[in-house]
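So the chains spell out like this:
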Amino acid sequence: MAYLDGIKRVEDLDLDGKRVFVRVDFNVPLDNGVITDDFRIRQAIPTIQYIIRNGGLPVVASHLGRPKANPSPEFSLKPVAERLSELLPEREVIFAEDCIGDGVVEQSKRLEPGQILLLENLRFYEEEEGKPRGKFNSDEEKAAAKKALKESQKKFAESLAALADVYVNDAFGTCHRAHASMATMVPFFGENKGCGYLLEKEIKFLGNIVYDPEHPFVAVMGGAKVSDKIGVIESLIEKCDQICIGGAMAYTLLSAKGVDVASSRVEKEAMDIAKSILDKAANSKCELLLPVDHVVSTALDDTTPCETVEAFGAGQMGLDVGPKTRELYGNVIRKAKSVFWNGPMGVFENPRYADGTIAIAKAMTECAGTTVVGGGDSAAAIRQFGMDDKVTHVSTGGGASLELVEGKALPGVEALRING
């Protein structure tokens, strides 16, 4: 667990009688104010419970969505407070109407053992992300706004730090962002800082996959754009024995190889990137596998006929990998000792084009090695299929998991290092 060197775990911290700022990732999907997936909330509960059992007074903070104004009622964390109360019926969850200010400080000081204070959405303040909102008439005006915001972000971070004595980060999904609650506020706590159970688990499994995987090491990469994942794919080529490619990005790579993919989605502006990936793989020990058959249609709807082909006809677009590809990729996965999967094989939201993604998920559950699902759509898919408890680890962070696998330093993690 070398990636955790210099980072205290929540169990290493003195919590008794202390207010503990717990940065979590409660960025859950909402439909008219109703939470449709509480996975991220449930993942943070072990850390919150440990803090309470050991005498700590949790002050829990998160962002939700991308509010453009302060406040934005549709992005309030009130529904999260209600769900947290349901998940922890033996605890009292107190909802703060703000995340900073004298009133919130007073609420934090009045906390009693067993109570939890949940702050309102951190992103109701633009200082959290450090990005000025609104329209600007010139680059100079925007630059001035950024400079002013940088100064106010420090004050915002100090206001957040005033709410607690100890800092615990359990929000892996946001660790790749140097936001106020993830990085700027952390130095105010000196050495009274550490990682929660979820963050430790994420780093353990993703870090091991990246830095010390058992071989054969297989990666499965899907999704729409090669350009979004070029750094990850190039990094994996250096580490993996095989990489299985699916999703729309496969058609950009096939097109770069000279294959006619008809009307399939292709990133024409990413052709040079695709060719460089193919060249890098060809000159490595890593085998880059592309689909050998496809489920196609001439329109993405529920009525236009679809069929399985090995060669595209005029007007056809690839919407999922075909049965031969599913079998090929499945066999590779089942024989692996380490597997990292990020991205669906097709338009899995439509049952007509979900078989490829289901096949990958099933193969992951049948692999005896370490199987890690790297957040985002692939995490949503394996939960949707009811297979998330049959793999080693399902990450809560899409972007964060990809940046860690790529080898990038994560600001939220680095801020926790005592000697870093």
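Keep in mind it's a predicted model, so treat the numbers as computed, not measured.

1. Let's talk about the pairing of strand 7 (residues 166-169)
Side chains Val166 and Val168 of strand 7 all project onto a buried face; the interleaved residues Tyr167 and Asn169 project onto the opposite face, where all are buried too. Both strand 1 (residues 19-23) and strand 7 contribute to a ladder of 4 bridges, which runs parallel. If you follow Val22 over to strand 7, its bridge partner there is Val168. Sheet analysis places strand 7 next to strand 8 (residues 193-195), joined by 3 bridges and oriented parallel. Residue pairing across strands places Asn169 opposite Cys195, the latter belonging to strand 8.

2. Regarding a positive patch on the surface
A contiguous patch of positive charge on the surface is contributed by Arg66, Lys68, Lys131 and Arg177. Topologically, Arg66 is positioned in the loop between strand 4 (57-61) and helix 2 (78-87).

3. Here we look at the environment of Pro73
Residue placement: Pro73 occurs in the loop between strand 4 and helix 2. The exposed category is assigned to Pro73, whose relative accessible area is 65%. Taking the C-alpha atoms as reference points, Pro73 and Gly231, separated by 158 residues in sequence, lie 37 Å from one another.

4. Looking at helix 8 (residues 230-239)
Three or more residues of helix 8 are buried, namely Gly231, Val232, Ile233, Ser235, Leu236 and Ile237. Buried residues along helix 8 sit in contact with strand 9 (217-221), strand 10 (242-245), helix 9 (249-256), helix 10 (271-282), strand 15 (338-342) and helix 14 (398-406).

5. Focus on the pattern of salt bridges
Side-chain pairing between opposite charges can occur once the charged atoms of the two side chains come close. The full count for this structure, using the stated rule, is 22 salt bridges. One salt bridge in this structure joins Glu128 and Arg23, with 3.4 Å as the shortest N-O distance. You can see Glu128 sitting in helix 4 (residues 126-129) and its partner Arg23 sitting in strand 1, a full 105 residues away along the chain. Across this residue pair, the class does not change: Glu128 and Arg23 are buried. The structure contains a network of salt bridges with shared partners spanning Asp38, Arg42, Arg83 and Glu86.

6. A word on the nonpolar core
In terms of nonpolar packing, the biggest core is built from 80 residues, with Phe21, Leu119, Met221, Leu236, Ile243 and Phe340 touching the most fellow members. Not counting residues up to four positions away in its chain, the partners in contact with Leu236 are Phe217, Ala219, Met221, Ile243, Phe340 and Val405. Core analysis: the next-biggest nonpolar cluster, separate from the first, contains 29 residues, Ile48, Val60, Leu77 and Leu84 among them.

7. Regarding the side chain of Glu127
For Glu127, the location among the structural elements is in helix 4. Of the side chains bearing the opposite charge, Arg133 lies closest to the buried Glu127, which forms no salt bridge; the N-O distance is 7.2 Å. Residues within four places of Glu127 in sequence aside, it is in contact with Leu149, Ser152, Gln153, Phe156 and Ala180.

8. Here we look at the packing of helix 11 (residues 323-335) against helix 12 (residues 355-365)
Put simply, helix 11 and helix 12 touch, their axes get as near as 9 Å, and they point 20° apart. In this view, helix 11 runs roughly parallel relative to helix 12, as classed from their interaxial angle. Between helix 11 and helix 12 lies a crossing whose hand is right-handed. Two secondary-structure elements touch here, helix 11 through Arg326, Tyr329, Gly330, Ile333 and Arg334 and helix 12 through Asp355, Gly356, Ala359, Ile360, Ala363 and Met364. Each residue belonging to the contact of helix 11 with helix 12 can be placed in one class, and the counts come to 6 nonpolar, 2 polar and 3 charged.

9. Quick notes on the sheet that holds strand 11 (residues 287-289)
Spatial strand order, 11-10-9-15-16-17: 6 strands in an open sheet with parallel pairing. Both outer strands of the open sheet, strand 11 and strand 17 (393-394), are each paired with one neighbouring strand and no more. By the bridge criterion, 4 bridges tie strand 15 to strand 16 (residues 370-373) in an arrangement that is parallel. When the sheet's bridge partners are listed, Ser338 is paired in strand 16 with Thr370.

10. Concerning the pairing of strand 9
Extensive coverage of strand 9 is indicated by the burial of 5 of its 5 residues. The two faces of strand 9 match: Phe217, Ala219 and Met221 on one face and Val218 and Val220 on the other face are all buried. Where strand 9 and strand 15 come together, 5 bridges link them in parallel fashion. Paired with Val218 across the bridge in strand 15 is Val339. Bridging between strand 9 and strand 10 involves 4 bridges; their strand directions are parallel. Each residue of the ladder has a partner; that of Val218, found in strand 10, is Gln242.

11. Description of unusual backbone geometry
Going from His215 to Pro216, the amide bond is cis rather than trans, its omega being 5°. Following the sequence through the fold, Pro216 ends up in the loop between helix 7 (197-211) and strand 9. With a phi angle near 55°, Asn32 is a residue other than glycine that sits in the positive phi range. You can see Asn32 is positioned in the loop between strand 2 (30-31) and strand 3 (34-35). Even without glycine at this site, Ala262 takes up a positive phi of about 50°. Here Ala262 lies in the loop between helix 9 and helix 10.

12. Focus on the sheet that holds strand 13 (residues 306-309)
Taken in spatial order, the 3 strands line up as 13-12-14 in an open sheet, and their pairing is antiparallel. Two strands lie at the open edges of the sheet, namely strand 13 and strand 14 (317-321), each paired on one side alone. The average angle at which neighbouring strand axes cross in this sheet is 40°, direction not considered. Sheet analysis places strand 12 (residues 294-297) next to strand 13, joined by 4 bridges and oriented antiparallel. Following the sheet pairing, His294 is matched in strand 13 by Val309. Contacting strand 12, strand 13 and strand 14, helix 11 runs over the sheet at an angle of about 40° to strand 14.

Calculation rules
- Residues numbered from 1 in each chain as written.
- Predicted model: local features only at pLDDT ≥ 70, side-chain atom pairs only at ≥ 80, totals over all residues.
- Heavy atoms only, no water.
- Buried < 20%, exposed > 50% of the residue type's maximum accessible area, 1.4 Å probe, protein only.
- Helix = DSSP H or I, 4+ residues; strand = E, 2+ residues; numbered from the N terminus.
- Pairing = 2+ DSSP bridges.
- Patch = residues over 30% accessible without salt bridge, like charges linked within 9 Å, V, L, I, M, F, W, Y side chains within 5 Å.
- Areas by Shrake-Rupley, 256 points an atom, 1.4 Å probe, with all protein chains shown as cover.
- Salt bridge = Lys/Arg side-chain N within 4 Å of Asp/Glu carboxyl O.
- Lys, Arg positive; Asp, Glu negative; His and termini not counted.
- Charge placed at Lys NZ, Arg CZ, Asp CG, Glu CD.
- Contact = heavy atoms within 4.5 Å.
- Core = buried A, V, L, I, M, F, W, Y, C linked by side-chain atoms within 4.5 Å.
- Axes fitted to C-alpha atoms, helices over the stretch in contact; angles between N-to-C directions.
- Parallel < 35°, antiparallel > 145°, perpendicular 65-115°, else oblique.
- Left-handed = near helix turned anticlockwise from the far one by under 90°.
- Nonpolar A, V, L, I, M, F, W, Y, C, P; charged D, E, K, R; others polar.

Purely geometric numbers; function is a separate question.
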